[in-house]
Amino acid sequence: MADTHIKYNDHSIISAFKDHYIVPDYQREYVWQDEQVEQLLADLLDAYQEDNRKPYFLGTIVTCDSGGQFELIDGQQRLTTFFILLCAIKQIYMAQGQQTSVLENLIYSATMNNDGDVINLYHLQLQYEDAGNCLELIEKGQEKPGHLTQSGERLFNAFQTAQKFLGEQFPEIADLKKFVVFLLNKTSFVRIETYDITDALKIFETINQRGKGLDPMDLLKNMVFRQVERSKFKELNMNWKYITRALEKIDEKPLRFLRYFIMANYDTSKEKDGVLREDQIYSWLTRNNDQCRYREAPFAFVQKMMEQVDLYVKCRMPDDLSRGNVHLKNIPLLAGKSYKLHLMLMLAASNMEEEAFAQWKAVVESVIYYGVINRVATNVTEHIFAQWCRSLRHIVTPQQLDEFVQETVLPEVRDWKQDNHSNFLRLGLNSMQQYRIKFILGKITAYVDGLRLGKTTAEDLTVYTQTAVEIEHIMPQTCENKGAYGVDEEEFPIYLHRLGNLTLLENSINKSIHNDLYESKAASYKQSKFYITSSLPGLVDQGQDTAINRTNRLLRAWPQWNKQAIEERQEMLYQLSEMIWNIG
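Everything numeric in this text was worked out from a predicted model, so none of it was measured.

Below, the discussion takes up the pattern of salt bridges. The final tally for this structure, using the stated rule, is 20 salt bridges. The salt bridge involving Glu136 is made with Lys140; its shortest N-O contact spans 2.9 Å. The structure contains a network of salt bridges with shared partners spanning Glu252, Arg256, Arg316 and Lys340.

In structure tokens:
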């Protein structure tokens with residue numbers, strides 16, 4: 001570059017660590033896991049073993065000279081790991097009675113502050129609060145504290161990884177000393193030095209603009225920080241940490257949230273199928289400031305992210321069953337714990353009134369249910385959800401929601417449901433995962449139990465999906481006389497696992513019936529607290545036009561159990577499922 005305020009200097013470890021570095025509090029904390037630390041150490045070992053006289057290039061770091069100290073803008077993960085490696089080597093040297101002065105001079109040294117006082121400073125200082133005094137404890141060889149932040153845990157884990165690596169690869173001190181000579185003198189990197197934080201952040205962005213190997217969440221943070229005065233870094237960083245910590249608490253990938261946040265709130269229709277991929281996030285952001293306005297109003301943009309992360313957390317892990325949250329709790333039971341696509345729809349619906357938002361949660365559960373039953377591909381679902389977001393973010397009232405459901409959601413779901421009846425009639429443990437079958441049985445069982453009590457609202461399914469409740473095969477899995485059930489050898493495994501042959505039963509009852517014939521099981525079924533199970537051999541009437549009798553009109557009982565009974569019960573369960581998950 002022609003700009004004389006930017007310098008490029010080649011450094012070895014021994015020359016670089018003669019200077020003092022700080023990782024400012026607005027920077028990302030230490031995030032390297034064992035895998036990244038092990039990879040760096042393995043690369044070093046490969047270079048050493050291949051030719052220990054040949055320099056090994058480590059890449060670049062970006063710094064801002066703040067007067068006697070270099071602020072690390074890019075490269076802090078690597079430099080922190082090297083600092084920890086120096087500490088690990090020092091500990092081994094001390095244990096082996098080796099001279100440590102050279103290493104100590106790289107780890108810490110005396111310097112002069114602005115008042116002219118001489119003070120001892122570590123050559124790397126982590127100023128973000130998550131780090132605490134971890135580096136000091138590591139350097140002194142002290143035990144890991146009992147309570148640490150995730151960043152602190154990773155720092156100590158990196159130290160343990162380095163110790164293990166050195167112990168395994170260099171059991172003899174003479175061999176270790178040769179490796180240390182290579183490490184200090186032959187490993188090199190380019191240090192880019194600026195005197196203005198804005199220049200440093202711009203260089204960081206330029207180097208990483210293709211996002212290769214770098215988290216777009218960090219690139220976005222850098223883009224936002226470039227828009228504010230340095231005096232406001234602390235305030236902005238507090239807001240940013242609010243977002244990352246909220247996601248950390250629920251063990252959520254920041255990139256997933258960021259991707260859904262963008263698709264829920266902004267127009268991504270120019271992307272393929274309207275879906276923004278993780279590797280496209282940074283490029284999209286650089287092209288769409290006119291939508292996001294993070295340059296003109298960075299604090300407002302981050303505030304919007306904060307509000308959306310609150311909603312994301314509440315919808316991902318609802319803390320109660322009110323306001324339609326029971327449906328959000330059901331979705332992982334139906335679609336799997338890793339399923340998160342619905343959260344994009346929740347974020348897009350953030351402008352809805354409370355009543356509309358609660359109704360929308362029920363609709364989304366039904367949409368996902370029909371997608372699962374009819375095996376709609378995930379990429380198709382994501383494309384459709386991204387399209388829906390464009391309308392959802394403008395919906396406020398229940399009336400507007402009803403129009404959207406009738407005009408947009410229902411036509412799509414009807415298209416999915418073209419073979420819904422036949423798909424359901426084939427449903428069973430041989431065609432769908434057990435956790436999904438248990439959820440479907442649980443939801444239908446809970447619905448029937450609710451109807452008997454005169455309830456029409458959704459119920460918590462915990463009682464029905466807990467481990468103390470099992471899936472019972474009415475026609476037993478071990479069956480010597482298959483002809484008694486009207487099936488032959490070929491039909492038996494098909495009908496055995498059909499939904500019509502399955503029911504929920506308390507394991508305390510299930511243990512006592514084993515593989516008994518239906519006539520013997522029937523007496524035990526009557527003991528179940530689940531009416532759809534206890535009524536298998538016979539319905540229980542009570543009074544005139546009572547909730548129980550009205551429920552019975554939806555059910556059937558079977559004095560004998562056979563192939564026909566399984567088919568009839570499968571149809572009955574289908575009719576109940578349509579009452580439960582029907583949209584509109």
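With that settled, the discussion passes to the state of the cysteines. Throughout this description, disulfide means a covalent bond between two cysteine sulfur atoms. Following the criterion strictly, the structure yields 0 disulfides and no others. Free cysteine Cys87: the closest other cysteine sulfur is in Cys134, separated by 12 Å. A relative accessible area of 2% places Cys134 in the buried class.

A word on the pairing of strand β9 (residues 469-473). Looking down a regular strand, the side chains alternate between one sheet face and the other. Within β9, 4 of the 5 residues are buried, which leaves it mostly tucked inside the rest of the structure. Relative to strand β10 (residues 502-506), β9 is paired through 5 bridges, and the arrangement is antiparallel. Following the sheet pairing, His473 is matched in β10 by Leu502.

What follows deals with the environment of Ala356. With respect to the secondary-structure elements, Ala356 resides in helix α17 (residues 354-373). Relative accessible area serves as the criterion here: at 0%, Ala356 is assigned to the buried category. In this structure the C-alpha to C-alpha distance between Ala356 and Asn507, which are 151 residues apart in sequence, comes to 40 Å. Ignoring sequence-local partners within four residues, the contact set of Ala356 consists of Val396, Thr397, Pro398 and Leu401.

In this section: the side chain of Asp449. Topologically, Asp449 is positioned in helix α21 (residues 434-452). This buried residue, Asp449, is left without a salt bridge; Arg452 holds the nearest opposite charge, at 5.6 Å. Setting aside residues no more than four positions away along its own chain, Asp449 makes contact with Tyr464, Lys529, Phe530 and Tyr531.

Think of a sheet as strands paired side by side through backbone hydrogen bonds, with each pair either parallel or antiparallel. Here we have 6 strands laid out as an open sheet, ordered β1-β8-β3-β4-β2-β7, and mixed in their pairing. Of all strands in the sheet, those bounded by a partner on one side alone are β1 (7-12) and β7 (124-126). Strand-to-strand twist across the sheet, computed as the mean angle between neighbouring axes with direction ignored, equals 35 degrees. Examined bridge by bridge, strand β2 (residues 21-23) and strand β4 (residues 70-74) share 2 bridges and lie parallel to one another. Considered in β4, the bridge of Tyr21 is made with Phe70.

It is worth spelling out the packing of α17 against helix α19 (residues 398-416) at this point. Relative placement of two packed helices is described by the angle separating their axes and the distance separating the axes. It is the contact of α17 with α19, at a shortest axis distance of 11 Å, that shows an interaxial angle of 0 degrees. By the angle class used here, α17 and α19 are roughly parallel. Residues Glu355, Ala356, Gln359, Trp360, Val363, Val367, Tyr370 and Gly371 of α17 pack against Pro398, Leu401, Phe404, Val405, Val409, Val413 and Trp416 of α19. The residue inventory of the contact of α17 with α19, partitioned by class, reads 12 nonpolar, 2 polar and 1 charged.

Criteria and thresholds
Residues numbered from 1 in each chain as written. Predicted model: local features only at pLDDT ≥ 70, side-chain atom pairs only at ≥ 80, totals over all residues. Heavy atoms only, no water. Salt bridge = Lys/Arg side-chain N within 4 Å of Asp/Glu carboxyl O. Disulfide = S-S within 2.5 Å. Buried < 20%, exposed > 50% of the residue type's maximum accessible area, 1.4 Å probe, protein only. Helix = DSSP H or I, 4+ residues; strand = E, 2+ residues; numbered from the N terminus. Pairing = 2+ DSSP bridges. Contact = heavy atoms within 4.5 Å. Lys, Arg positive; Asp, Glu negative; His and termini not counted. Axes fitted to C-alpha atoms, helices over the stretch in contact; angles between N-to-C directions. Parallel < 35°, antiparallel > 145°, perpendicular 65-115°, else oblique. Nonpolar A, V, L, I, M, F, W, Y, C, P; charged D, E, K, R; others polar.

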